[in-house]
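Spelled out from the first residue to the last, the chains are:
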Amino acid sequence: MKMKLSRREILGVGSVAGCAAIGGSILKGANFATASPSAAALPWSWKKIDPAEIQERAYQSAWEKIGCMYGVCEAILGTLADRYGAPYNTFPVDATVYGSGGIGGIGAVCGTINASGLLFNLFVKDQNDLFALCSEMSLWYEKASLPNYKPKKPKVDIQIAKSVAGSNLCHVSSTNWANASGYKVMTNEHFERCNRLVADVAVQLVTVLNQYTAGNMTFKEKLNDFSLQCLSCHGPGNSEANVAAGMTCNPCHENPH
Ligand code: HEC
Ligand code: HEC
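Everything in this summary refers to the structure shown in the same document. Quantities reported herein were computed from a predicted structural model and do not represent experimental measurements.

A separate point is the site of ligand 2. Taken together, L169, C230, L231, H234, N242, V243, A245, M247, T248, C249, C252 and H253 are the residues near ligand 2. Contact distances for ligand 2 include 2.8 Å between a nitrogen atom and a side-chain N or O atom of H253. For the shell around ligand 2, the residue count by class is 8 nonpolar, 4 polar and no charged.

And the structure:
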């Protein structure tokens, strides 16, 4: 994958360093002895998982908390924890429930994409790769027709209409699905759709992690031509440089020029 930004630009190195300097002086007197000694340093080593093995667990876990971020994290980290123990069992998976409904029901980023970023962060050392992987998952999610998964033990045993999210935002994804299916949002049918989608994203994520850590990752996704054209002026480093976004632009913008 060709990255447009330099590492410095992506990481916003200047401002991060500035914050660290301020933070450093504020924290000088803080007592760091209370920091937990148990958290193993990152990255943790990824162990190959057969994607088919975790689908039902992802779906069922998502139902457990009506938690899309939780479902993805529980299925993957829970599977590794069951097989290998530490460090995988040291991660507080319950801390991912907040991601439901695009962060506590706000309708912002889909919890499955939030989960993908978190898991990449646990297993990927190189920060440029980390960001590229986040982008890969988000662009895949925007375009995929989902859900595909047919649960072994469905909670709501109905035909679920598929839809293309068009956006990584929970609001847009859910509303597009509501329109495609005729169901209302925040109903059991909507949760059934989202929890099946959790299984699909878990499969995609595990597939990507398997490939990446085996050294044979091929980045396939890219922004559509409409969005690339916008960014050729509005993107970082270009003439306007007033837009920092890797989301597809056209769900929200027409070409105003
Ligand atoms: C050739 C460079 C160029 C490209 C390509 C471009 N823009 Fe712009 N855009 C500008 C400039 C310059 C301005 C500010 C001047 C203006 O308002 O026309 C602007 C302004 C805007 C504004 C603010 C307009 C307003 O009404 O205040 C929006 C929104 C915008 N662009 C969206 C887009 C989108 C979406 C695309 C892709 C479809 C795009 N632009 C492609 C150069 C570009
Ligand atoms: C989720 C919706 C959403 C997406 C996706 C999105 N934008 Fe926007 N964008 C907005 C909103 C809302 C504003 C602020 C109101 C406005 O100016 O339209 C905005 C503002 C802008 C502006 C105007 C900036 C100014 O100075 O007035 C530009 C240019 C722009 N977006 C370009 C893009 C480009 C390029 C992309 C894709 C890489 C993109 N946007 C993706 C919602 C979105």
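What follows deals with helix α5 (residues 111-123). Between its terminal C-alpha atoms α5 stretches 18 Å, which fits the 18 Å expected from 13 residues at 1.5 Å a residue. Of all 13 residues in α5, 11 are buried, a share of seventy percent or more. Within α5, the full set of buried residues consists of G111, T112, I113, N114, A115, S116, G117, L119, F120, L122 and F123. Packed against the buried residues of α5 are α4 (68-84), α6 (127-143) and α8 (188-213).

The subject of this paragraph is the coordination of the iron atom of ligand 2. Metal coordination angles in their ideal form are 109.5 degrees for the four-donor tetrahedron and 90 or 180 degrees for the six-donor octahedron. Counting protein donors to the iron atom of ligand 2 gives just one, H253 (NE2), placed at 2.0 Å. Mapped onto the secondary structure, H253 falls in the segment after α9 (225-234).

In this structure, I76, F120 and F123 are the most contacted members of the largest nonpolar core, which totals 45 residues. Residue contributions to this core peak at 10 residues, all from α4. Residues within four places of F120 in sequence aside, it is in contact with L130, L133, C134, M137, L205, V208 and L209. With 6 residues, the next largest nonpolar core counts Y59, W63, Y149 and F191 among its residues.

What counts and how
Residues numbered from 1 in each chain as written. Chains lettered and ligands numbered in written order. Predicted model: local features only at pLDDT ≥ 70, side-chain atom pairs only at ≥ 80, totals over all residues. Heavy atoms only, no water. Near = heavy atom within 4 Å. Polar contact = N/O pair within 3.5 Å; in protein donor to acceptor, adjacent residues only side chain to side chain. Nonpolar A, V, L, I, M, F, W, Y, C, P; charged D, E, K, R; others polar. Helix = DSSP H or I, 4+ residues; strand = E, 2+ residues; numbered from the N terminus. Expected span 1.5 Å × (residues − 1). Buried < 20%, exposed > 50% of the residue type's maximum accessible area, 1.4 Å probe, protein only. Contact = heavy atoms within 4.5 Å. Donors = N, O, S within 2.8 Å, 3.2 Å for Na, K, Ca; no water. Core = buried A, V, L, I, M, F, W, Y, C linked by side-chain atoms within 4.5 Å.

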